[in-house]
Amino acid sequence: MLLENKNVVVYGGGGAVGGAVARGFADEGATVFLTGRNLDTINTVAKEIGAAGGAVKTAVVDALDEKSVTEHLDAVVADVGSIDVSFNAIGISPRGLQGIPFTDLPVDNFMRPITTYAQAHFVTAKSAAGHMIPRGSGVIMMNTPEPARVSLPLVGGMSVGWAAMEALNRALSAEWAQHGVRSICLRTTGLIGTPVIDVVYGLHADAVGIPKDQLIAAAAAMTHRKRPTVLAELTSVAVFLASDRAAGMTGTVANLTGGLIVD
C-alpha cells in the first residue's frame, strides 16, 4: 500500500482523469476527498471507490474560488488531521477554444484557458501548502498534455495555459520544496477514450477536413510506441509520485508521452 494513511484531495474528481487517479489513490490505501462542482458526478465516482473497499468522501468545491477551497481544506484537516496530496485535475470544455485558427479566435476565448488553469492551480496549491508547510511534508500534483511543450496548430490558448501550469509547477517547488512540499506535473499525450479528448479530436479533424480516426492514427504514429498514453498509465505513475518512494522528485515534469516528447 504505497499511500496507506495518506489523505488525498482531488479536484475535478468527477472527470475521467480525476476519477481514475482518485480510484488509484484509494486502491493504494489513501483516504480520498473527492471534489468538484457537480455532486452527482463525483458521487458516482465515490460509489465506485466505496464498492471496491476504498475510503472516500465528497464535497462540492469550486477550484477557482479560494474561499470554497480553503474552507473545504480546513474542514478536511479538522476531520482527519492532515492533507498529504493535492491533485488538481480540473478541465474545461474545448468547444469554442480549439479547432479555430488564431485569426478567427476571439480574445476572450484565447484567454479563458490561460486564466482558468493558472488561477485554479494557484488557488488549490496555495491553499494546500498552507496546511502542508507547517507539517514539513506534502505533494502538489497536476496533469498536462503534450501541447504544453510542443507546438501544435489550432489549440488556441490551451497550450499557453498548460505551459503556464508547468511553469507554476517549477515555481512552487522553488519556494516550497525546502519546506518538504514537493510539486509534480505529469505530462501525457491526449488520453484516448476520455470524453474530452474525443471532442478535441473531433474539432481538429473537422478543422482540417479529415476523418477523426485518421487524425487519431496520425497522432499515435508520432510517438515511439505508436500509441497514446492511457489512463491506467497515468494513474500508476501518479500513485508512485504521490508516495514517499518518489521523495527525490520535485519541480519536474514526469514524461508519459511515450516518446512523442524526448527529454
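Going by the structure above, here's the rest.
Keep in mind that what you see is a predicted model, and the values were worked out from it rather than measured. (Residues numbered from 1 in each chain as written. Predicted model: local features only at pLDDT ≥ 70, side-chain atom pairs only at ≥ 80, totals over all residues. Heavy atoms only, no water.)

**Q** Before we go on, may I ask you to explain unusual backbone geometry in this structure?
**A** Excluding glycine, residues mostly have negative phi values, and the peptide bonds linking residues are mostly trans. One non-glycine residue, N5, lies in the positive phi region at around 70 degrees. When you line up the elements, N5 lands in the segment before strand 1 (7–11). At L154, a residue that is not glycine, the phi angle is positive and equals roughly 65 degrees. Along the chain, L154 turns up in the loop between strand 5 (138–145) and helix 5 (158–176). (Helix = DSSP H or I, 4+ residues; strand = E, 2+ residues; numbered from the N terminus.)

**Q** Whenever I open this one, the sheet that holds strand 1 confuses me. Can you help?
**A** Strand pairing within a sheet occurs via backbone hydrogen bonds; the two strands may be parallel or antiparallel. The 7 strands lie next to each other as 3-2-1-4-5-6-7, forming an open sheet whose pairing is parallel. Every interior strand has two partners, whereas the edge strands, strand 3 (55–60) and strand 7 (252–256), have only one. Averaged over all adjacent pairs, the angle separating strand axes in this sheet is 20 degrees, with direction ignored. Against the sheet, helix 2 (residues 39–51) touches strand 2 (31–36) and strand 3, its axis set at about 175 degrees to strand 3. (Pairing = 2+ DSSP bridges. Axes fitted to C-alpha atoms, helices over the stretch in contact; angles between N-to-C directions. Contact = heavy atoms within 4.5 Å.)

**Q** Just to check I follow, could you spell out the nonpolar core for this structure?
**A** Across soluble globular proteins, nonpolar side chains show a tendency to be buried alongside one another. V10, F25, L34, F87, M141 and L186 are the most contacted members of the largest nonpolar core, which has 31 residues in total. If we ignore the near neighbours within four places in the chain, the residues touching F87 are V9, V10, Y11, V17, V21, F25, M141, N143, L186 and A238. Core analysis: the next-biggest nonpolar cluster, separate from the first, contains 21 residues, F33, M132, I140 and V181 among them. (Core = buried A, V, L, I, M, F, W, Y, C linked by side-chain atoms within 4.5 Å. Buried < 20%, exposed > 50% of the residue type's maximum accessible area, 1.4 Å probe, protein only.)

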